[in-house]
Amino acid sequence: MVDHSFPKKSPKIVVIALAIINTQTETFENKLIYEFNIIFCAPGKNCTLINGSEDRCSICWTTGAYEYIISLKPDIIRYMADIAAQIEEIEAVLRKTPHHKATNGFIGAMRAKIARLKDKEVESSSQGKGSGGGGYSVKKQGDATIVLIGPPSAGKSTLINLLTNAVSKVAAYAFTTVSVIPGMLKYRDGYIQILDVPGLIEGASIGKGRGKEVLSVARGADLLVVMTDPERLNFFDKILLELEGAGIRINKRRPNVRVEKELAGGLTIVSNIKQDFALDDVKEIAKEFGIKNGRLILKEKVTMDQIIDSLSERIVYKNAIFVVNKADTIKESHRYEDLIYISADSETGIEELKEIIWKELKLVTVYLVERNEKPGTENPVIMKEDDTLEDVARDIGTEFLAGTTLAKIWGNGARFDGQEMPLSTKVQNGMMIRFI
Ligand SMILES: Nc1nc2c(ncn2[C@@H]2O[C@H](COP(=O)(O)OP(=O)(O)OP(=O)(O)O)[C@@H](O)[C@H]2O)c(=O)[nH]1
Ligand SMILES: [Mg+2]
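Read on for a plain summary of the structure.

1. Remarks on the overall build of the protein
Then, in step 1: Within the protein, the regular secondary structure consists of twelve helices and 19 strands.
Then, in step 2: Going through the 436 residues of the protein one by one, you find that 35% of them count as buried.
Then, in step 3: Summarising the internal contacts of the protein: among those between residues at least 6 apart in sequence, 63% fall at separations of at least 24.

2. Digging into the site of ligand 1
Then, in step 1: Around ligand 1, a shell composed of 25 residues is seen, among which Gly-155, Ser-157, Thr-177, Gly-199 and Asp-345 lie nearest.
Then, in step 2: The class makeup of the residues in the shell around ligand 1 is ten nonpolar, eleven polar and four charged.

3. Considering the pairing of strand E7 (residues 223–228)
Regular strands show a simple pattern: their side chains alternate between the two faces of the sheet.
Then, in step 1: Taking burial as the measure, the six residues of E7 include five buried ones, the bulk of the element.
Then, in step 2: Inspection of the sheet shows E7 paired to strand E13 (residues 320–324) by five bridges, in the parallel sense. By the bridge assignment for E13, Met-227 is matched with Val-323.

4. Quick look at the sheet that holds strand E9 (residues 257–261)
Then, in step 1: Overall, mixed pairing links the three strands, which are arranged E9-E11-E10 in an open sheet. Taken across any chain shown, the strands that pair with only one partner, and hence form the sheet edges, are E9 and strand E10 (267–271). Between one strand and the next, the sheet's axes are offset by a mean angle of 15°, whatever the strand orientation.
Then, in step 2: As judged from the five bridges shared by E10 and strand E11 (residues 294–298), these two strands associate in the parallel manner. Residue pairing for E11: Ser-271 is matched across the bridge by Leu-298.
Then, in step 3: The strands that helix H9 (residues 281–288) touches are E10 and E11; relative to E10, the one it contacts most, it runs at about 125°.

5. Topic: helix H6 (residues 156–163)
For an α-helix the count is 3.6 residues per turn, leaving residues at separations of three or four pointing the same way.
Then, in step 1: For H6, the set of buried residues is Lys-156, Ser-157, Leu-159, Ile-160 and Leu-163. Down the axis of H6, the buried set is contained in an arc of 160°. They therefore lie on one face.
Then, in step 2: The elements touched by buried residues of H6 are strand E4 (144–149), strand E5 (181–187), strand E6 (190–196) and E7.

6. Section: the sheet that holds strand E15 (residues 363–368)
Whether parallel or antiparallel, the strands of a sheet pair through hydrogen bonds between backbone atoms.
Then, in step 1: Ordered in space as E16-E15-E19-E17-E18, the five strands form an open sheet in which the pairing is mixed. On the outer flanks of this sheet lie strand E16 (380–384) and strand E18 (419–422), each paired with one strand and no other. Averaged over all pairs of adjacent strands, the angle between strand axes in this sheet comes to 40°, irrespective of strand direction.
Then, in step 2: Examined bridge by bridge, E15 and strand E19 (residues 432–435) share two bridges and lie parallel to one another. Of the residues in E19, the one forming a bridge with Tyr-367 is Met-432.
Then, in step 3: Against the sheet, helix H12 (residues 389–396) contacts E15, E16, strand E17 (406–410), E18 and E19, and its axis sits at roughly 125° relative to E16.

7. Looking at the environment of Val-178
Then, in step 1: One can find Val-178 in the loop between H6 and E5.
Then, in step 2: By C-beta crowding, Val-178 is classed as partly exposed, having 19 other C-beta atoms within 10 Å.

8. Focus on the nonpolar core
Then, in step 1: Among the nonpolar cores identified, the biggest contains 61 residues, and Val-147, Leu-148, Ile-149, Ala-218, Val-225, Val-226 and Ile-433 are the most heavily contacted of them.
Then, in step 2: Counting residues per element, this core draws most heavily on E4, at five residues.
Then, in step 3: Dropping the residues within four chain positions of it, Val-147 is found in contact with Leu-195, Val-197, Val-217, Ala-218, Ala-221 and Leu-224.
Then, in step 4: Ranked by size, the runner-up nonpolar core spans 14 residues in total, among them Val-282, Ile-285, Leu-298 and Met-304.

9. Examining helix H7 (residues 211–219)
Then, in step 1: Most of H7 sits out of view: seven of its nine residues are buried.
Then, in step 2: Buried within H7 we find Gly-211, Lys-212, Glu-213, Val-214, Leu-215, Val-217 and Ala-218.

10. Quick word on unusual backbone geometry
A negative phi holds for most residues other than glycine; trans holds for most peptide bonds.
Then, in step 1: The phi dihedral of Ser-153 is positive, around 70°, even though this residue is not glycine.
Then, in step 2: As for its position among the elements, Ser-153 is in the loop between E4 and H6.
Then, in step 3: Classification of Ser-153 by C-beta neighbours within 10 Å gives buried; the count is 24.
Then, in step 4: Its identity as a non-glycine residue notwithstanding, Glu-347 has a phi of 55°, on the positive side.
Then, in step 5: Mapped onto the elements, Glu-347 comes out in the loop between strand E14 (340–341) and helix H11 (350–360).
Then, in step 6: Using a count of 11 C-beta atoms within 10 Å as the deciding quantity, one classes Glu-347 as exposed.

11. Considering the environment of Pro-152
Then, in step 1: Here Pro-152 lies in the loop between E4 and H6.
Then, in step 2: The class of Pro-152 is partly exposed, set by 19 C-beta atoms lying within 10 Å.
Then, in step 3: Not counting the four nearest positions on each side in its chain, Pro-152 is found in contact with Ala-174, Phe-175, Gly-199 and Ile-201.

Conventions and cut-offs
Residues numbered from 1 in each chain as written. Chains lettered and ligands numbered in written order. Predicted model: local features only at pLDDT ≥ 70, side-chain atom pairs only at ≥ 80, totals over all residues. Helix = DSSP H or I, 4+ residues; strand = E, 2+ residues; numbered from the N terminus. Buried ≥ 20, exposed ≤ 12 C-beta atoms within 10 Å, placed from the backbone. Contact = placed C-beta atoms within 7 Å. Near = placed C-beta within 6 Å. Nonpolar A, V, L, I, M, F, W, Y, C, P; charged D, E, K, R; others polar. Pairing = 2+ DSSP bridges. Axes fitted to C-alpha atoms, helices over the stretch in contact; angles between N-to-C directions. Arc of directions from axis to C-beta. Core = buried A, V, L, I, M, F, W, Y, C linked by C-beta atoms within 7 Å.

Quick look at the structure:
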């Protein structure tokens, strides 16, 4: 049986942990705020968190201790709490507003206001953190970066240990991993960086657990591997909600909305396609984002929320795959077709998973051919599917670009051996390239 309960450690451990924090360069108060999201930690009760909500704080979640009392209100906390309060106020108004044609514009404008406030929240929290805080800012390395996201004890650390050189602590209790652990997977000719992060729980996007930090790591990923176990398949939906709440859109593409700003002349909303709202309603949304003059062009059928997304700075679009670990604990007939089943413990489904990750990352291998060499596969370079020969030249060094306008190619993409192509040509997997 997997124990999903929170460990109950002695409060003494917390006091010692806080004493260690105290000796570091950042002030004690800031550390507590940024690392643990607490404004006020109450013994045996709910704590007041940085976003103004009340719950057990990260210290309580991770250690099970409820013994430490602090009460801090520096400016940044007030500012963040103020933003959270404003969002809450607008959400309360929205809940009371009936939905019909006449209120569409108002609702759109209010939602845009919330999006703007959330943009500000992301800005201020990343300003406050500085660099390297608490092991949450890991340098991207390798050809692509993937992040393992899932509930506590899904087996994320077991998987990264299996796939890479990383040594991430594995245990049967929740929140074994408390920071970002990087590892590097060598697959085909590429290097894929894998980041193991703490478990994600409901309410992560409003700061529960170390939710905000985990979600900010997810924002930097090239691919998210969302992982749970057969007992908790409902976590896929929960995690999607948290990602959505943090402005991370999954397996969707950016809506085709273009903004052409002008200095004067007012704002026109243009759409060749019939939309389900009055175009004038969009003006309020645009104004909220500071667009007062120019043209906002809707190039496809969109919802008001998609327009807000397209204008909001904090929205990112990420691809994700959905993996069920601990497949060894269920019968094969209990598997769902559209999910990827693995067992990190008994090492099944792992090669298939690597291949799926490789395909999802849309990485391609091309081979460089020196001027006096025969075409071959000795010098592989990893590129992205939409990259061009010019991108290859740029990646291997700027001196290649100077004076280079053509390349000879062999293999995939070449109609005949040594075909001369312009640098705007897109790369293909297996293409051999000689810059001339
Ligand atoms: N049966 C089974 N158990 C597994 C498998 N993979 C991991 N476990 C067990 O699940 C427990 C949790 O594993 P971890 O790798 O620490 O899980 P995690 O997702 O990193 O957990 P947190 O760091 O707490 O978020 C450990 O007891 C592992 O041995 C698996 O494929 N099958
Ligand atoms: Mg872990």
